[in-house]
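Residue strings, one per chain:
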Amino acid sequence: MINRRSVLKAVALTPAAAATLATRNSHAQAPAAAAAAPAPTGPHQLPPLPYPADALEPFIDARTMEIHHDRHHAAYVLSLNRALAGHPDLASKSPEALISDLAAVPESIRTAVRNHGGGHVNHSLFWQSLRRNGGTTPSGPLMEAIVKKFGTFDGFKTEFTRASMSVFGSGWAWLSRDRNGDVLIETTANQDCPYMAGRLPLLGIDIWEHAYYLKYQNKRADYVAAFFNVIHWDFVAKRFSKPA
Ligand SMILES: [Fe+2]
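Residues numbered from 1 in each chain as written. Predicted model: local features only at pLDDT ≥ 70, side-chain atom pairs only at ≥ 80, totals over all residues. Heavy atoms only, no water.

K.L.:
How should the overall build of the protein chain be read in this particular structure?
P.N.:
A count of helices and strands for the protein chain gives ten helices and three strands. Shown N-terminal to C-terminal, the secondary structure of the protein chain runs as helices and strands in the order α-α-α-α-α-α-α-β-β-β-α-α-α. For the protein chain, the proportion of its 244 residues judged to be buried stands at 51%. Taking contacts inside the protein chain between residues at least 6 apart in sequence as the whole, the part at least 24 apart equals 67%. (Helix = DSSP H or I, 4+ residues; strand = E, 2+ residues; numbered from the N terminus. Buried < 20%, exposed > 50% of the residue type's maximum accessible area, 1.4 Å probe, protein only. Contact = heavy atoms within 4.5 Å.)

K.L.:
When you look at the pairing of strand 3 (residues 200-206) in this model, what are you seeing that I'm missing?
P.N.:
In regular strands, side chains alternate between the two faces of the sheet. Burial analysis of strand 3 places seven of its seven residues in the buried class, the great majority of the element. Pairing geometry for strand 1 (residues 171-177) and strand 3, over six bridges, is antiparallel. The residue bridging arginine 177 from the neighbouring strand is leucine 200, located in strand 3. (Pairing = 2+ DSSP bridges.)

K.L.:
What is the right way to read the packing of aromatic side chains from this model?
P.N.:
A ring pair, where both rings are aromatic, is described by two values, the distance of the centres and the angle of the planes. Across all of its chains, the model carries 15 aromatic pairs by this definition. For the ring pair phenylalanine 156 and phenylalanine 160, a centre distance of 5.5 Å and an interplane angle of 40 degrees mean the geometry is tilted. Of this pair, phenylalanine 156 and phenylalanine 160 both sit in helix 7 (residues 153-166), four residues apart, which is roughly one turn of that helix. In this structure phenylalanine 156 comes out as buried when scored by relative accessible area, which is 0%. With centroids separated by 5.9 Å and ring planes inclined at 75 degrees, the aromatic side chains of phenylalanine 160 and phenylalanine 228 adopt a geometry described as edge-to-face. Taken together, the residues phenylalanine 160 in helix 7 and phenylalanine 228 in the loop between helix 9 (220-227) and helix 10 (233-240) connect sequence positions 68 residues apart. Taken together, Phe126, Trp127, Phe150, Phe153, Phe156, Phe160, Trp172, Trp174, Phe227, Phe228 and Trp233 form an aromatic cluster joined through their ring pairs. The cationic tip of lysine 215 hangs over the ring face of tyrosine 216; the distance from NZ or CZ to the ring centre is 5.7 Å. (Phe/Tyr/Trp six-rings, centres within 6.5 Å; stacked < 30°, edge-to-face > 60°. Lys NZ or Arg CZ within 6 Å of the ring centre and 35° of its normal.)

K.L.:
When you look at the coordination of the iron ion in this model, what are you seeing that I'm missing?
P.N.:
The expected angle between donors at a tetrahedral four-coordinate metal is 109.5 degrees. At an octahedral six-coordinate metal it is 90 or 180 degrees. Within the protein, His68 (NE2), His123 (NE2), Asp206 (OD) and His210 (NE2) serve as the donor atoms for the iron ion, at 1.9 to 2.1 Å. For the iron ion, the four donor atoms are set out with angles of 89 to 135 degrees between them, so the coordination reads as irregular. Read in sequence order, the donor residues for the iron ion give the motif H-x54-H-x82-D-x3-H. Taken individually, aspartate 206 and histidine 210 each receive the classification buried, so the pair is uniform in this respect. (Donors = N, O, S within 2.8 Å, 3.2 Å for Na, K, Ca; no water. Tetrahedral: all angles 85-135°; square planar, octahedral: opposite > 155°, others 65-115°.)

K.L.:
Hey, could you run me through the pattern of salt bridges in this one?
P.N.:
A side chain with one charge may pair with a side chain of the opposite charge, provided their charged atoms come close. Counted according to the given criterion, the structure contains five salt bridges. One salt bridge in this structure joins aspartate 192 and arginine 114, with 2.7 Å as the shortest N-O distance. On the criterion of sequence distance, the pair formed by aspartate 192 in the loop between strand 2 (183-189) and strand 3 and arginine 114 in helix 5 (residues 107-128) is long-range, its members being 78 residues apart. Residue class for aspartate 192 comes out buried when judged on its relative accessible area of 13%. Residue arginine 114 is classed as partly exposed on the basis of its relative accessible area of 31%. For lysine 148, the salt bridge identified is with aspartate 182, shortest N-O distance 3.2 Å. Here the residue lysine 148 occupies a position in helix 6 (residues 140-150), and aspartate 182 occupies one in the loop between strand 1 and strand 2, the gap between them amounting to 34 residues. Note on lysine 148: relative accessible area 66%, which makes it exposed. (Salt bridge = Lys/Arg side-chain N within 4 Å of Asp/Glu carboxyl O.)

K.L.:
Please explain helix 3 (residues 62-84) as it appears in this structure.
P.N.:
An α-helix turns once every 3.6 residues. As a result, residues three or four positions apart point the same way. A rise of 1.5 Å per residue sets the reference length of helix 3, with its 23 residues, at 33 Å; its end C-alpha atoms lie 32 Å apart and thus fit the reference within 8%. Along helix 3, the helix axis deviates most sharply at histidine 68, where the bend reaches about 30 degrees. Taken across its 23 residues, helix 3 has 20 buried, putting it largely inside the fold. With its phi angle positive at about 90 degrees, glycine 86 sits one or two positions after the end of helix 3. (Expected span 1.5 Å × (residues − 1). Bend = angle between axes of the 7 residues up to and from the residue.)

Printed below as a string of C-alpha cells:
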C-alpha cells in the first residue's frame, strides 16, 4: 500500500514535468496538448490535460490542476512503468486491463500495479470527465438510469455528495455501471477503482487532499459542491452507453 514517504518520493518533479510546469508558470499560451509532459520510459504515458489548467476556474484552481496533473499523475505513470520494467509480457496491456485482472499480475509487482496503475486510470478518467462550463444535467439513457436508481437528479446529487463526504482518508467516490447496466454510487480507498470489482467507472471525484487542499483546505464539502459545476455529462453519458 502507499505510505506517506513513498508518496512524497513519488511526487518529486520529474525533469519532463518540471519543464512543463516551468512553461505554464511563464504564462505561455501553448495548447494543453503541447504542454503535456513527455512520457517516462515505459509503455504508459501521461495524457495531456484536455483543456488549459485554468479551464475549471473558479471551481478547481489552475495551480491545483498543474500540480495534480504534472506531478501526482505523472508520478503514478512513472511508478507504473518502473513496476512493469522487466515484465515485457505485460507491456501491451492497457492500464484498465491491468487493474481489471490483478490476479494475472505477478505478486511481486501486484501492489505497485494496483496503486500506480489505479492512479493512472483514475486520473486519466478524472480529467476527461470535467470541462469548462460543465454541470447542468445528463440526458438520454444515463439520466433515465439515474432517475430509476435515485428517484431524481437531485437525489443522485445528495447520495453522491454523501458518499464523497464519507471517504475516510484518501480515496474516490464514483458513479459506476454494474454488470446489469444499472448505475450505482460507490467509494474506493487509495487508488482502487471500480474496474477492480468488475464495474465500469463513469464519473469519479478525487477525494485525496491533493485534489482540493490548496483552494479549499479542510472544506471538502465546498469542493464537492463545486465539482458539480464542472462535470462533462456528455462524456459520462457516452461511457454509460458503451457496450459491456
Ligand atoms: Fe489525485
